[in-house]
Amino acid sequence: MLYHLLAGGYRVTALTFDYGQKHRYELECATAQLGYLADHGHQIHHVAVDISTLGRSLGSALTDERIAIPLGHYQSESMKQTVVPNRNAIFFSMAAAQALSIANQVRQQVKLSLAVHSGDHEIYPDCRPEFYDAVWHAFQLGNWNAEQVEMYLPYLHLDKAAILRDAERSITALNLDFDTIFRNTCTSYMPDAEGRGHGLTGSDHERILAFHALGRVDPVPYQQPWDDLLARALSTQQIHPDSSHNATP
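Every chain begins its residue count from 1, and numbering advances along the sequence as written. Restriction of local features to residues with pLDDT of at least 70 applies here, the model being predicted, together with a cutoff of 80 or more for giving and counting side-chain atom pairs; totals for whole chains, interfaces and linings are based on all residues. Hydrogen atoms and water are omitted, and side-chain values are computed over all heavy atoms in the structure.

### Observations regarding the pairing of strand β2 (residues 45–50)
In regular strands, side chains alternate between the two faces of the sheet.
Moving on, step 1. Pairing between two strands requires that DSSP report at least two bridges joining them. A run of DSSP states H or I qualifies as a helix once it reaches four residues; a run of E qualifies as a strand once it reaches two. Both are numbered from the N-terminal end. As judged from the six bridges shared by strand β1 (residues 13–18) and β2, these two strands associate in the parallel manner. The residue bridging D18 from the neighbouring strand is D50, located in β2.
Moving on, step 2. One crossover worth recording links β1 to the parallel β2 by way of helix α2 (residues 25–39), and it is right-handed. Handedness is read with the strands pointing away from the viewer; a crossover is right-handed when the path from the first strand over the helix to the second is clockwise.

Right, dumping it as structure tokens:
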């Protein structure tokens, strides 16, 4: 989403949320990403939001050390343990407040951009179109000048492979390096101390299949060889064909 917006010529304020997540390596990735962009002439206004105390009390496998991260098929019942109660409503509320504050300051229309996507609809109810219709309506009812903010969800009906295709186009337009950018990301719910992806969680599975759909090897390091993880992901996809949404950009 960040590179999509930069390629579109937008000035970006980026929010990073520390919500007490176990996979905290993603916060380091965000810092590395901003450093890479700064080195290439793109200065991003970055707001780090610390709600870690709240997040750790919400009872999810992503935040509670007593609950193990489930492995395997993303659409399986066990994957519901990775739902963080009301997480996207919390994120949306803070991001919407930031967007409206900026709009009031600059007296211009501002886009509130979120990268929610179709691959999450099955497990995460707060990634579904109906949810965003509802929170957007509440935002408009609850704020003066809400018309200055436009909600922008370009990936809402796309899967991760389609998002990667969009990333390829955006990164090429910006004359930046695709592998460097995606090496500075973390999708795995269980990276190790070195930041290597676990490879067997549902989030890993979706990412591996998305890179394979583009004919690419994921540039992030994994704890097991890529070929082994890809073979396992493809096998799971055959057993659960619904795990891969064949959306097109």
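Now, onward.
### Section: the pattern of salt bridges
Moving on, step 1. Salt bridges, as used here, are contacts in which a Lys or Arg side-chain nitrogen is within 4 Å of a carboxyl oxygen on Asp or Glu. Taken as a whole, this structure holds nine salt bridges when the rule is applied.
Moving on, step 2. Residue D18 pairs with R24 through a salt bridge whose shortest N-O separation is 2.8 Å.
Moving on, step 3. Relative accessible area serves as the criterion here: at 13%, D18 is assigned to the buried category.
Moving on, step 4. When its relative accessible area of 36% is taken as the criterion, R24 is described as partly exposed.
Moving on, step 5. What emerges from the salt-bridge pattern is a single network uniting E168, D179 and R216. Residue burial is assigned from relative accessible area. The probe radius is 1.4 Å, only protein chains are included, and a residue is buried under 20% of its type maximum, exposed over 50%, and partly exposed in between.

### Here we look at the nonpolar core
Moving on, step 1. Remark: nonpolar core denotes a set of buried residues (Ala, Val, Leu, Ile, Met, Phe, Trp, Tyr, Cys) joined through side-chain atoms within 4.5 Å. Counting residues in hydrophobic clusters, the biggest one holds 37 residues, and the most contacted among them are F92, L112, Y132, F139 and V149.
Moving on, step 2. Those elements giving two or more residues to this core turn out to be β2, α4 (87–106), β3 (110–113), α5 (129–142) and β4 (149–152).
Moving on, step 3. Among the elements that take part in this core, α4 stands out by supplying nine residues, more than any other.
Moving on, step 4. The next biggest cluster of nonpolar side chains, apart from the first, holds 30 residues, and it includes V12, L34, A161 and L230.

### Section: unusual backbone geometry
Glycine aside, residues mostly have negative phi, and peptide bonds are mostly found in the trans state.
Moving on, step 1. Located in the positive-phi region is R107, a residue other than glycine, with phi close to 55°.
Moving on, step 2. Tracing the chain through its elements places R107 in the loop between α4 and β3.
Moving on, step 3. Its identity as a non-glycine residue notwithstanding, N145 has a phi of 65°, on the positive side.
Moving on, step 4. Topologically, N145 is positioned in the loop between α5 and β4.
Moving on, step 5. Relative accessible area serves as the criterion here: at 36%, N145 is assigned to the partly exposed category.

### Concerning the confidence of the model for the protein
Moving on, step 1. Overall, the predicted model of the protein reaches an average pLDDT of 92, with 94% of residues at or above 70.
Moving on, step 2. The pLDDT value expresses, per residue, how confident the predictor is, ranging between 0 and 100. By the convention used here, residues are in contact when the closest approach between their heavy atoms is within 4.5 Å. Counted against residues more than four places away or in other chains, residues 243–249, with its pLDDT under 50, gives 22 contacts.

### Remarks on the packing of helix α8 (residues 202–213) against helix α9 (residues 226–239)
Moving on, step 1. Here an axis means a line fitted to C-alpha atoms, over the contact stretch when the element is a helix, while the angle between two N-to-C directions is reported on a 0 to 180 degree scale. Put simply, α8 and α9 touch, their axes get as near as 9 Å, and they point 100° apart. Comparing their axes, α9 and α8 come out roughly perpendicular. Facing α8, whose interface residues are H205, I208, L209, F211 and H212, α9 presents W226, L229, L230, A233, L234, T236 and Q237. The cut-offs work like this: below 35 degrees is roughly parallel, past 145 is roughly antiparallel, 65 to 115 is roughly perpendicular, and the gaps in between are oblique.

### Concerning α2
Moving on, step 1. Multiply 1.5 Å by the residue count of a helix minus one, and that product is the helix's expected span. For α2, which comprises 15 residues, the first-to-last C-alpha distance of 21 Å matches the rise-based estimate of 21 Å (1.5 Å per residue) to within 8%.
Moving on, step 2. Of the positions making up α2, those classed as buried are L27, C29, A30, Q33, L34, Y36 and L37.
Moving on, step 3. Trailing α2 by a residue or two, G41 shows a phi angle of about 85°, which is positive.

### Examining the packing of α4 against α5
Moving on, step 1. Taken N-terminus to C-terminus, the directions of α4 and α5 make an angle of 40°; their axes are 11 Å apart at the nearest point. Classified by the angle between their axes, α4 and α5 sit oblique to one another. α4 and α5 meet at a crossing whose hand is right-handed. Packed against α4, whose contacting residues are N88, A89, F92, A96 and L100, the element α5 presents F131, Y132, V135, W136 and F139 at the interface.
Moving on, step 2. Residue composition of the contact of α4 with α5, grouped by class: nine nonpolar, one polar and no charged. Handedness of a crossing follows from how the near helix is turned relative to the far one, being left-handed for an anticlockwise turn of less than a right angle and right-handed for a clockwise one. Put simply, Ala, Val, Leu, Ile, Met, Phe, Trp, Tyr, Cys and Pro go in the nonpolar bin, Asp, Glu, Lys and Arg in the charged bin, and everything else, Gly too, in the polar bin.

### Overview of the side chain of Q148
Moving on, step 1. Considering the arrangement of structural elements, one finds Q148 in the loop between α5 and β4.
Moving on, step 2. In this structure Q148 touches L100, A103, N104, R107, Q108, Q109 and V110, once residues within four positions along its chain are discounted.

### Side note on the pairing of β4
Moving on, step 1. Taking every second residue as pointing to the same face, the buried face of β4 carries V149 and M151, while none of E150 and Y152 on the other face is buried.
Moving on, step 2. Across four bridges, β3 lies against β4 in parallel orientation. Residue K111 lies in a different strand from β4, and its bridge partner there is E150.

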